[in-house]
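Overview (structure and organization)
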Amino acid sequence: MANENPPRHLFLINVAGEEEPRPLLWREKQQERLDWMTRDYERRLARLNWLADDSLPGFGLWTGTEIFAEAFGCELHRPDNDMPSARPLVNNAEQAGKLTVPELSSSSLANIFEMADELRRRLGPGALLRLPDIQSPMDIAALIWNKSDFYVALMETPEAVRELAAKVGTLLTAFLDEWFRRYGTAFIAHYPFYYMERGVTLSEDEVGAVNPDAFEEFFLPELTHLSERYGGIGIHCCANARHQWNGLLKIPGLKLLNIVHNAQMTRDARVVFADKCAQMHCWNGDGDPLTWPAQFPAGSRLIVEFNVPTPDAAKRLADQLPTAYRRS
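Residues numbered from 1 in each chain as written. Predicted model: local features only at pLDDT ≥ 70, side-chain atom pairs only at ≥ 80, totals over all residues. Heavy atoms only, no water.

1. Topic: the overall build of the protein chain
- Secondary structure summary: the protein chain contains eleven helices and twelve strands in total.
- Since a compact globule built from 328 residues should have a radius of gyration of about 20 Å, the 20 Å found for the protein chain is in line with a globular shape.
- Principal axes of the C-alpha set define a box for the protein chain whose edges measure 60 × 45 × 40 Å.
- Classification of the 328 residues of the protein chain by burial places 52% in the buried group.
- Surface accessibility of the protein chain: about 15200 Å² in total, with carbon and sulfur atoms responsible for 50%. (Helix = DSSP H or I, 4+ residues; strand = E, 2+ residues; numbered from the N terminus. Rg over C-alpha atoms; globule rule 2.2 N^0.38 Å. Buried < 20%, exposed > 50% of the residue type's maximum accessible area, 1.4 Å probe, protein only. Areas by Shrake-Rupley, 256 points an atom, 1.4 Å probe, with all protein chains shown as cover.)

So, in structure tokens, the structure goes:
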């Protein structure tokens, strides 16, 4: 039975040092990555026995932002101490027009399903997956098309930009359709780690570099399409994109907004989106976390993260939070 009086705020408590370092995300390290993800899921599952927060264990296919651009043929930059990234493949409208949509099963994305299938085999069909790192079609197009030319093309050859984004959207929806067919519609977002019963979650950062008119023309239609196709959308944005908030409010089915920026922008966002969607930001308040609710706008729904130094500190905080946040 559905909870008729759900809490307005959820709590996620992070303990320093509880996650072991992740292996590099190279394909030749696939076995190492699978073993790490298995241990990480088992650790998250075990913490349910000693920590009463609202986190749910999920196993994640850690990737960089490169996976869809790589499928279109972009070469990868692979630093030995950071995430992989895609190198641009095209510089102009003519080159972009020659790109074709890759076949999902024969593309580099097939490796993502291979790993997910293996993890599901190891951990069982009831284990939640964390969705891979996904960007909007326009953001992926901006990885494929050299940025120094991409923004000029938005003004000079906008039809070519839309064509490339549409090709990306075709591949992205084919990937998501297959993902949800195989693994179900419930998942943990790639970042930050919130639960979705259905819908899609993605990063939308290029909107910080364009004006509201460009958002309406290029970004809003595809975000609307994805939200309507999958039953809602959660958006992460680490760009300075305050000027796009009115546009984000126009997206039907906006379920959650995550802003990674300064404290003042977070304060302002909590007011603007208070009664529009759930929010989970990088900053939650100053001082004692038990006093943070006084800083939250009336009617807001927040997923609040806390960082503590030890498991004992996590347990003490978890005992205090229900009273401080008025949860029975």
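2. Things to note about the pattern of salt bridges
- Counting across every chain of the model gives 26 salt bridges.
- Between Glu-18 and Arg-43 there is a salt bridge, with the nearest N and O atoms lying 3.3 Å from each other. Residue Glu-18 is found in the loop between β1 (9-15) and α1 (30-47), and its partner Arg-43 is found in helix α1; the two are separated by 25 residues along the sequence.
- The class for Glu-18 is partly exposed, based on a relative accessible area of 23%. (Salt bridge = Lys/Arg side-chain N within 4 Å of Asp/Glu carboxyl O.)

3. Focus on the nonpolar core
- Phe-68, Leu-109, Ile-144, Trp-145, Phe-175, Leu-176 and Trp-179 are the most contacted members of the largest nonpolar core, which totals 88 residues.
- The element contributing the most residues to this core is helix α7 (residues 158-183), with twelve residues.
- If we ignore the near neighbours within four places in the chain, the residues touching Phe-175 are Phe-68, Leu-104, Leu-109, Ile-112, Phe-113 and Pro-132.
- Counting residues in each nonpolar core, the second largest holds 16 residues, with Phe-11, Leu-302, Phe-306 and Val-308 among its members. (Core = buried A, V, L, I, M, F, W, Y, C linked by side-chain atoms within 4.5 Å. Contact = heavy atoms within 4.5 Å.)

4. Description of the pairing of strand β12 (residues 302-308)
- Extensive coverage of β12 is indicated by the burial of five of its seven residues.
- Across seven bridges, β1 lies against β12 in parallel orientation. Following the sheet pairing, Asn-14 is matched in β12 by Asn-307. (Pairing = 2+ DSSP bridges.)

5. So, the environment of Phe-113
- By secondary structure assignment, the location of Phe-113 is in helix α4 (residues 110-123).
- The spacing of Phe-113 and Glu-178 is 65 residues in sequence and 9.1 Å in space, taken between C-alpha atoms.
- Excluding its chain neighbours within four sequence positions, the residues that come into contact with Phe-113 are Leu-104, Phe-175, Glu-178, Trp-179, Arg-182 and Tyr-183.

6. Focus: the packing of helix α5 (residues 137-144) against α7
- Here α5 crosses α7 at 115 degrees, and the two axes come no closer than 8 Å. Put simply, α5 runs roughly perpendicular to α7. In terms of crossing hand, the pair formed by α5 and α7 is right-handed. In this structure, α5 uses Pro-137, Met-138, Ile-140, Ala-141 and Ile-144 to contact α7, whose residues at the interface are Val-161, Leu-164, Ala-165, Val-168, Gly-169 and Leu-172.
- Partitioned by chemical class, the residues of the contact of α5 with α7 number ten nonpolar, one polar and no charged. (Axes fitted to C-alpha atoms, helices over the stretch in contact; angles between N-to-C directions. Parallel < 35°, antiparallel > 145°, perpendicular 65-115°, else oblique. Left-handed = near helix turned anticlockwise from the far one by under 90°. Nonpolar A, V, L, I, M, F, W, Y, C, P; charged D, E, K, R; others polar.)

7. Here we look at helix α10 (residues 263-272)
- All of the buried residues in α10 are Met-265, Thr-266, Ala-269 and Arg-270. The arc that holds the buried residues of α10, viewed along the axis, is 140 degrees, so those residues lie on one side.
- Looking at the buried residues of α10, the elements they touch are α9 (245-248), β10 (254-259), β11 (278-279) and β12.
- Two or three places before Gln-264, at the opening of α10, Asn-262 has a side-chain oxygen 3.3 Å from that residue's backbone nitrogen. (Arc of directions from axis to C-beta. Polar contact = N/O pair within 3.5 Å; in protein donor to acceptor, adjacent residues only side chain to side chain.)

8. Regarding the packing of aromatic side chains
- The tally for this structure, following the rule as stated, stands at 19 aromatic pairs.
- A ring pair is formed by Phe-150 and Tyr-151, whose centres lie 5.4 Å apart and whose planes are at 80 degrees; its orientation type is edge-to-face.
- The exposure class assigned to Tyr-151 is partly exposed, which follows from its relative accessible area of 23%.
- When the centroid spacing of 5.4 Å and the interplanar angle of 5 degrees are considered together, the rings of Trp-292 and Phe-306 count as stacked. Taken together, the residues Trp-292 in the loop between β11 and β12 and Phe-306 in strand β12 connect sequence positions 14 residues apart.
- The class for Trp-292 is buried, based on a relative accessible area of 10%.
- Judged by relative accessible area, which is 2%, Phe-306 ranks as buried.
- In textbook terms, an aromatic cluster arises when at least three aromatic residues are bridged by ring pairs, as seen for Phe-11, Trp-292, Phe-296, Phe-306 and Tyr-325.
- Here the guanidinium or amino end of Arg-130 rests over the ring plane of Phe-193, the centre of that ring lying 4.3 Å away. (Phe/Tyr/Trp six-rings, centres within 6.5 Å; stacked < 30°, edge-to-face > 60°. Lys NZ or Arg CZ within 6 Å of the ring centre and 35° of its normal.)

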